[in-house]
Amino acid sequence: MLFKALNLVFLLATAFSAQGQGLRDGRAHGNIAPAPTIPIIDTEADVPVTSRNGTELPPYNTTYYFDQLIDHNNPSLGTFKQRYWHTYEFYEPGGPIILFTPGEANAAPYTGYLTNVTINGLVAQQQNGSTIVLEHRFYGLSNPYDNLSVASFRVHTIQQAINDLVYFAQNVKLPMPDGSDVTPDKAPWVLIGGSYSGALTAWTMVNKPDVFFTGYASSAVVESITDFWQYFDPIRQFMPKNCSADVQAVIASIDATFSSGTQTQIDTLKNNFGLGSMSHLDDVAGALRNNLWDWQSLSPTSGPGAQFFDFCDALEVKNGVSANESGWGVEHALTAWGAYWNASYYELVCGDEDAETCLGTYNSTQTYWTNTTIDNAGRSWEWIVCNEVGFFQEGAPIGTPTVVTRLVQPAYDERQCTYWFPEKFKNATPPDVAATNKAYDGWDLNVNRLFFANGQRDPWRDATVSSDFHTRQSTSSQPIAVGDGFHCSDLSTAAGKVDTTILAVQEKALALMKTWLSTWSPTK
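Residues numbered from 1 in each chain as written. Predicted model: local features only at pLDDT ≥ 70, side-chain atom pairs only at ≥ 80, totals over all residues. Heavy atoms only, no water.

Draft legend 1. Summary view of the packing of helix H2 (residues 119-127) against helix H17 (residues 500-517). At a closest axis distance of 10 Å, the pairing of H2 and H17 adopts a crossing angle of 45°. Between H2 and H17, the angle is such that the two are oblique. Handedness of the crossing formed by H2 with H17: right-handed. Two secondary-structure elements touch here, H2 through Ile119, Leu122, Val123, Gln126 and Gln127 and H17 through Gln506, Leu510, Met513, Lys514 and Leu517. (Axes fitted to C-alpha atoms, helices over the stretch in contact; angles between N-to-C directions. Helix = DSSP H or I, 4+ residues; strand = E, 2+ residues; numbered from the N terminus. Parallel < 35°, antiparallel > 145°, perpendicular 65-115°, else oblique. Left-handed = near helix turned anticlockwise from the far one by under 90°. Contact = heavy atoms within 4.5 Å.)

Draft legend 2. Here's a closer look at the pattern of salt bridges. According to the stated counting rule, one finds 11 salt bridges in the structure shown. In this structure, Asp181 and Lys186 form a salt bridge, with 2.8 Å as the shortest nitrogen-oxygen distance. For Asp181, a relative accessible area of 40% translates into the label partly exposed. Here Lys186 falls in the partly exposed class, since its relative accessible area comes to 38%. (Salt bridge = Lys/Arg side-chain N within 4 Å of Asp/Glu carboxyl O. Buried < 20%, exposed > 50% of the residue type's maximum accessible area, 1.4 Å probe, protein only.)

Draft legend 3. How the structure looks around the side chain of Thr493. Tracing the sequence through the fold places Thr493 in helix H16 (residues 493-498). The residues contacting Thr493, other than those within four sequence positions of it, are Asn116, Val117, Thr118, Leu122 and Gln506.

Draft legend 4. Summary view of the sheet that holds strand S4 (residues 79-87). Overall, mixed pairing links the 8 strands, which are arranged S3-S4-S6-S5-S7-S8-S13-S14 in an open sheet. Each edge of the open sheet is held by one strand with a lone partner, namely strand S3 (64-69) and strand S14 (480-483). On average, each strand axis in the sheet is tilted by 25° relative to the strand beside it, whichever way the strands run. As paired elements, S3 and S4 share 6 bridges and run antiparallel to each other. Looking at S4, one finds that Gln68 is bridged to Phe80. (Pairing = 2+ DSSP bridges.)

Draft legend 5. Quick look at helix H14 (residues 410-420). Of all 11 residues making up H14, 10 are buried, and the element is well covered by its neighbours. Buried within H14 are the following residues: Pro410, Tyr412, Asp413, Glu414, Arg415, Gln416, Cys417, Thr418, Tyr419 and Trp420. Where the residues of H14 are buried, they touch strand S9 (225-227), helix H8 (281-287), helix H9 (289-293), helix H13 (377-389) and strand S12 (390-392).

Written out as structure tokens, the structure is:
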């Protein structure tokens with residue numbers, strides 16, 4: 001647990017140092033959705049590594065630098081230093097090179113993905129491969145320019161990120177014996193990713209089909225969606241039934257009161273959550289999404305004391321007795337939710353910030369909107385959100401059960417894009433998700449030797465090829481394996497040890513990697 005704690009401290013420290021202000025979890029404010037990030041995997045990163053033949057290798061956290069093109073459309077602009085981490089612990093000549101990017105995060109805490117406590121390392125161990133973690137442009141310390149301005153973000157696109165992976169594979173000289181002689185024409189490369197970087201894996205293999213021989217895409221959000229209300233649907237389906245029933249009832253009551261209640265009723269409801277000072281009712285109702293967003297941090301190894309289950313216990317356990325599947329009803333649940341929020345949860349989210357500062361979204365003068373300091377993952381991700389992928393997490397359409405407010409709709413987030421990037425968005429404008437899906441084929445992509453791994457309980461599932469709203473069949477060339485996991489659970493061997501459905505996904509992937517890689521041959 002020590003390394004997990006250190007990694008958390010590192011992430012929060014970088015978030016605070018970059019943004020100058022922000023919440024404990026690194027978000028700019030408490031009404032912004034968490035990014036679809038990959039779980040950090042514990043590892044002892046700062047000690048020497050011993051290879052199969054007994055050679056002492058550098059620690060996993062040894063940082064290397066690659067000269068990456070600033071703009072793949074204009075190489076004359078020069079290069080920037082892109083960080084990566086690498087080991088050849090299991091490598092033998094002829095083995096694959098396994099490339100992974102954590103995507104929208106500072107990559108330094110992700111060196112666990114070099115090791116065999118992840119699917120990356122298991123493939124390397126089985127196939128005698130070498131593993132790499134590459135930092136995505138405009139995250140961490142891998143920046144084409146020394147700021148995160150709109151002008152700099154001209155080269156912050158999905159396509160530039162795809163081109164980075166390709167250029168890296170074709171030009172890197174890895175710090176290992178014969179490391180300059182393992183380009184994709186001479187050695188098989190395996191591209192692995194999860195969540196956004198899982199989508200990036202799939203999109204890269206669609207866009208540049210002859211570079212990476214095989215791929216593994218976990219919880220890959222391949223379909224860009226503006227109104228991604230479906231994010232909360234797997235949560236509604238798989239959370240405790242009594243908790244789901246009561247949350248739906250409370251949200252329906254809040255929406256009704258805020259839409260047509262008297263001022264006294266509205267004030268009473270705001271005060272129930274200690275949010276009487278807030279000016280905008282959509283901010284108040286939207287803030288309660290935080291309790292549902294906690295689901296994203298769950299894993300098969302989460303214990304009963306996980307934050308999400310503490311929330312449900314607060315609503316559903318009364319005088320030592322748990323409610324049946326119907327819940328206790330709106331009157332008790334509303335009071336209990338307010339008590340839980342006021343007793344501990346508000347401070348957990350907001351710290352010592354006042355409610356308007358922490359949860360309000362209408363003050364365009366807040367400094368975090370336009371802070372262009374590097375190593376600010378939130379700002380870098382919002383650029384992609386506002387321009388290319390959307391994923392605005394709102395209430396379900398009328399007629400569909402919802403566990404979050406319908407008062408928050410895409411216009412709520414599109415307005416915030418004008419605060420983040422006023423030079424680009426003079427007016428609130430939807431992200432161009434149609435262009436993204438057209439360019440990379442979204443749900444309908446077809447790629448040979450690409451393995452999709454998904455989890456039934458993943459809130460991002462409906463943006464993957466395992467969506468309930470778009471049926472895709474698993475094929476021998478593009479298998480889709482689904483376990484009972486959460487977000488990117490299958491990337492971790494620890495999850496496979498406690499959940500046989502996840503272990504089955506991992507074992508299937510390893511078997512297919514063995515089969516596929518046995519067919520590779522050099523092109524020159």
